[in-house]
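An overview of the molecular structure
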Amino acid sequence: MAELKLLYKHIDVPGIETIAQYEANGGYSGLKKAVTLDRQAVIDEVKTSGLRGRGGAGFPTWIKWNGIPKDTSKTHYVICNADEGEPGTFKDRELMLRLPHMLVEGMAIAGYSTLATKGYVYIRGEFVESAMAVRKAIDEAYAKGYLGKNILGKGFDFDLYVHMGAGSYECGEESALMSSLMGERGQPRLKAPHGPLPVISGVWNSPTLINNVETYACVPHIVENGGEWYAKMGTERSKGTKLFSVSGHVAKPGNYEIEMGTPLMELLELAGGISGGNLKACIPGGCSVPIVPADRCASVNLDYEAAAAAGTMVGSGGCMFFNDRTDIVLLMRRTSEFYAHESCGKCTPCREGTRWIFKILDRICSGGGLQGDIELLLNICDQIDGRSYCGLGDAAAWPIRAAIKNYREEFEYWIEHKKSPVGPNCVPPVPHAVNPMLTLTPA
Amino acid sequence: MAVGSNGVSAFGSSYRFSDQAVKELAQIVSHYPEAKAAMLPALWIAQREYGGFLPPEALKEVAERLERPYSEVEGVATFYTMYNIRPKGRHHLEVCTCLTCSVVGAYDVMHEIEHQLGIHHGETTKDGEFTLTEVECLDWCSAGTVVQVGSKYFGNVTTENVKDLLDELRGSENYTPAGLADTITKIQLPSQGAK
Ligand SMILES: Cc1cc2nc3c(=O)[nH]c(=O)nc-3n(C[C@H](O)[C@H](O)[C@H](O)COP(=O)(O)O)c2cc1C
Ligand code: SF4
Ligand code: FES
């Protein structure tokens, strides 16, 4: 299996980020077709396609679209989650930078089919270059009548705005994103079954559709070619193509679009194979998903079900490969530092637990590990996972647990010998050896 | 309504938003059903108007213009890492040391920058030229080590090319904290002709 380019088909066409080139390569024909269809018919195509959310959870897209009330007693909103922050993932950033019109078109179609009149692209604050591309695309789409009043003469109005974040991983969590969009700290809100569903009562207590950048980018293709065409790609339950961001110790890091269900090892081959040593481990779906040791990589196929069966997840598609210079304990120390820094502080298990995990791993990597630290780490993971207010807490526990399960001997080695089992040239470097004061400073 | 007016605030301190900034804020407020939603954009405007950071007066001005309590504005401003509560250097170097950058040399790059600038990360050089901080994944992992400076990402930074990067920045006005806030503000405003 090679690459299967659907979203990325024209990515190398010079000027594809402009409306002229985008249209010359078939752009906006999905929107043109959509507005001739009944609104429900568009949702039905998305249903037939089997498209699932590309933000990480893989939730069936059509269920959200269909859940938006069919009357407009309140304003309906369409939001794009462009807050991509998951370490290892960089597909949304590139999609917006190079194919911004695909996102605009997908959101306009979503607006049409869910009776929305306003849309917001919530873009991670750091992504200035991508956001400039989206800004330009929106302006061009207005000028051409693809956004604004009476779109394509069909009496459908849809305004699209850019809302910039300001530095917070937690704002990628959809309810926290809504808080942030409404001008608050980026902390999550009560969710179903305890709180309302966003499709009924999201931003400003109004029906709200929220999807990932890549999810929206799939929509024009589905509408144009039909849901059945899309559903021919992929596996039984994971349809279509998916962008995987490949990084780490590989010869050709970058984004690769592959058919769902492609073996992990083929993705590695596409990325030029492992560099600087032999394959030691892979984290296939962003830093929140369980690590896979080399000897099990061959059993992982990249679709939601097969990845789960192999003990890991497709997640956001941030696929990181590590060679045998990599020290897993140091890698987990850095992972836990990320979660400790990004925890929003709203709930105790995550706010305290993520810091404890980091401190214990930091102590181990400073040569101060104690007998029983492994059990202590597992105990804390159990107390965070499933007991946190939002998914960040769970996601902080999973990688640590999986690393201990698969590489327990490396943790034991560190605790007993007070040095890396990989040797002095390991990566990441032993932080206190590089610089005794190198730990993360809050900005 | 404070948003549209200019002059002296109820607390007696002077407003610093220019007429242009007042207009920009009013337009951004119109994108939302309520003014409070313009909190993040207003803080970006303030960060530009106050020269790249948010002193208490800036938070106060935002609070008054959006008619929100000061404590709420401060709560929001301190939550997000990109709002500078303290002044930064003319160039704010943000080095990603997250997962994949960390395995391709990010800590060495950071150490080299510390060495060349004579500061520890988290600090600013005495001449006010550079601030160095360590940040989480910037989501360009295929180009590790990644360093953000203002509105620009520099990819594939190594211990060898750090010096070139610093030299380029010394001669440049392009990537200042106020410039970043200005660019972000503009991104949220439609260009002429569009709505
Ligand atoms: C801590 C956390 C961070 C998240 N970050 C992102 C993100 O950066 N981008 C994204 O699209 N979804 C992110 N999600 C998932 C969103 O909550 C949500 O599921 C997604 O935006 C839904 O869109 P989709 O159905 O199109 O995938 C995150 C979830 C959690 C718990
Ligand atoms: S789990 Fe709790 S503390 Fe952690 S990010 Fe979510 S709400 Fe905030
Ligand atoms: S780990 Fe550095 S950009 Fe992602």
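Quick caveat: nothing in here was measured; it's all calculated off a predicted structure. Here the residue index of a chain counts from 1 through its sequence in written order. Lettering of chains starts at A and numbering of ligands starts at 1, both following the order in which they are written. Side-chain atom pairs in this predicted model are given and counted only at pLDDT of 80 or more, local residue features only at pLDDT of at least 70, and totals for whole chains, interfaces and linings cover all residues. Side-chain metrics in this entry use all non-hydrogen atoms of the structure; hydrogen atoms and water are not considered.

**Things to note about the sheet that holds strand 8 (residues 279-283) of chain A**
All names here are of chain A. Spelled out, the test is: We call two strands paired when DSSP finds no fewer than two bridges between them. Put simply, DSSP H or I for four residues or longer makes a helix, DSSP E for two residues or longer makes a strand, and each gets a number counted from the N terminus.
On the basis of which strands lie adjacent, the open sheet formed by five strands has the order 6-5-11-8-9 and mixed pairing. Edge positions in the sheet fall to strand 6 (254-259) and strand 9 (292-293), since each has one partner strand and no second. Of the strand pairs in this sheet, strand 8 and strand 11 (residues 318-323) are connected by four bridges, and their pairing is antiparallel. Residue Ile283 lies in a different strand from strand 11, and its bridge partner there is Met320.

**Points about the sheet that holds strand 1 (residues 77-82) of chain A**
The strands making up a sheet associate through hydrogen bonds between their backbones, and the pairing can be parallel or antiparallel. All names here are of chain A. The condition that has to hold: For helices, the fitted line uses only the C-alpha atoms of the stretch in contact; every axis is such a line through C-alpha atoms, and the angle between N-to-C directions lies from 0 to 180 degrees.
Pairing in this open sheet of four strands is parallel, and the strands run 3-2-1-4 from one edge to the other. Looking at strand neighbours, the two that pair on one side only are strand 3 (159-164) and strand 4 (208-212), the edges of this open sheet. The mean inter-strand angle of the sheet, taken between neighbouring strand axes irrespective of direction, is 20 degrees. Relative to strand 2 (residues 118-123), strand 1 runs parallel, the two sharing six bridges.

**Quick word on the domain arrangement of chain A**
Residues and elements named next belong to chain A. Stated precisely, the cut-off is as follows: Domain start and stop positions are those given by an automatic or database domain assignment. Contacts: residue pairs with any heavy atoms within 4.5 Å of one another. Buried area, as used here, totals the accessible surface that two parts lose on assembly, with accessibility defined by a 1.4 Å probe and the loss added over both. Salt bridges, as used here, are contacts in which a Lys or Arg side-chain nitrogen is within 4 Å of a carboxyl oxygen on Asp or Glu. Only Asp, Glu, Lys and Arg are considered charged in this grouping, and only Ala, Val, Leu, Ile, Met, Phe, Trp, Tyr, Cys and Pro are considered nonpolar; every other residue, Gly among them, is considered polar.
By domain assignment, chain A separates into domain 1 (19-231), domain 2 (241-323) and domain 3 (328-438). Relative to domain 3, the C-alpha centre of domain 2 lies at a distance of 22 Å. Contact residues are listed per partner, giving 14 residues for domain 2 and 16 residues for domain 3. Between domain 2 and domain 3 lies a buried interface of about 1100 Å² when both sides are counted; carbon and sulfur atoms form 67% of it. Counting the contacts that link domain 2 with domain 3 gives one salt bridge. When contributions to the side of domain 2 that touches domain 3 are tallied by element, the ones reaching two or more residues are strand 8, strand 9 and helix 13 (294-297). For the side of domain 2 that touches domain 3, the leading source of residues is strand 8, giving three residues. Considered class by class, the residues forming the side of domain 2 that touches domain 3 number 10 nonpolar, two polar and two charged.

**Section: the site of ligand 1**
Residue and element names in this part refer to chain A. Definition in use: Any residue with a non-hydrogen atom lying within 4 Å of a molecule or strand is treated as near it. N or O atoms closer than or at 3.5 Å make up a polar contact, with two conditions inside protein: a donor-capable atom paired with an acceptor-capable one, and, for residues adjacent in sequence, both atoms drawn from side chains. Exposure was quantified through the Shrake-Rupley algorithm and a 1.4 Å probe, taking into account, for residues, occlusion by the shown protein chains and nothing else.
For ligand 1, the set of nearby residues contains 19 residues, the closest of which are Gly55, Lys64, Asn81, Asn212 and Thr215. One of the side-chain N or O atoms of Lys64 is found 2.9 Å from an oxygen atom in ligand 1. The separation between an oxygen atom of ligand 1 and a polar main-chain atom of Glu174 is 3.0 Å. Relative to its unbound accessible surface of 610 Å², ligand 1 loses 87% to contact with the protein. Only strand 4 and helix 18 (391-417) provide two or more residues apiece to the shell around ligand 1. With three residues, the top contributor of residues to the shell around ligand 1 is strand 4.

**Quick look at the site of ligand 2**
Contacts to ligand 2 come from 13 residues, most closely from A:Pro188, A:Cys344, A:Cys347, A:Cys350 and A:Cys390. The class makeup of the residues in the shell around ligand 2 is seven nonpolar, four polar and two charged.

**Describing helix 3 (residues 39-49) of chain A**
Residues and elements named next belong to chain A. Stated formally: Three exposure classes are used, based on accessible area relative to the maximum for each residue type with a 1.4 Å probe and protein chains only: buried under 20%, partly exposed in between, and exposed over 50%. Starting at the helix axis, one direction is taken to each C-beta atom, and the arc is that of these directions.
Every buried residue of helix 3 is accounted for by Val42, Ile43, Val46 and Ser49. What you see down the axis of helix 3 is that its buried residues fit within an arc of 115 degrees, all on one side. Contact partners of the buried residues in helix 3: helix 2 (29-34), helix 4 (61-67), helix 6 (100-113), helix 10 (213-225) and helix 11 (227-231). Downstream of helix 3 by a residue or two, Gly50 has a phi angle that is positive, lying close to 75 degrees.

**A few points about the pairing of strand 2 of chain A**
All names here are of chain A. Quick note on the threshold: The crossover handedness rule: strands pointing away from the viewer, path from first strand over the helix to second strand clockwise, crossover right-handed.
Taking burial as the measure, the six residues of strand 2 include five buried ones, the bulk of the element. Inspection of the sheet shows strand 2 paired to strand 3 by six bridges, in the parallel sense. In the strand pairing of strand 3, Ile123 is matched with Met164. Traced from strand 2 through helix 7 (residues 128-143) to strand 3, the parallel crossover comes out right-handed.

**Looking at the state of the cysteines**
Applicable threshold: Disulfide: a pair of cysteine sulfur atoms within 2.5 Å of each other.
Scanning all chains against the criterion turns up zero disulfides over all chains. With no disulfide of its own, A:Cys287 lies 6.2 Å from the sulfur of B:Cys98, the closest cysteine sulfur. You can call A:Cys287 buried: its relative accessible area is 2%.

**Points about the interface of chain B and chain A**
Between chain B and chain A, the contact holds 56 residues from the first and 73 residues from the second. For the pair chain B and chain A, the number of links is three salt bridges. Taken together, the connections running from chain B to chain A amount to 22 residue pairs in polar contact (both at pLDDT 80 or more). For the side of chain B that touches chain A, the secondary-structure elements that each account for two or more residues are helix 2 (39-49), helix 4 (70-79), helix 5 (99-103), helix 6 (106-117), strand 2 (130-135), strand 4 (152-154) and helix 8 (177-187) of chain B. Among the elements that take part in the side of chain B that touches chain A, helix 8 of chain B stands out by supplying five residues, more than any other.

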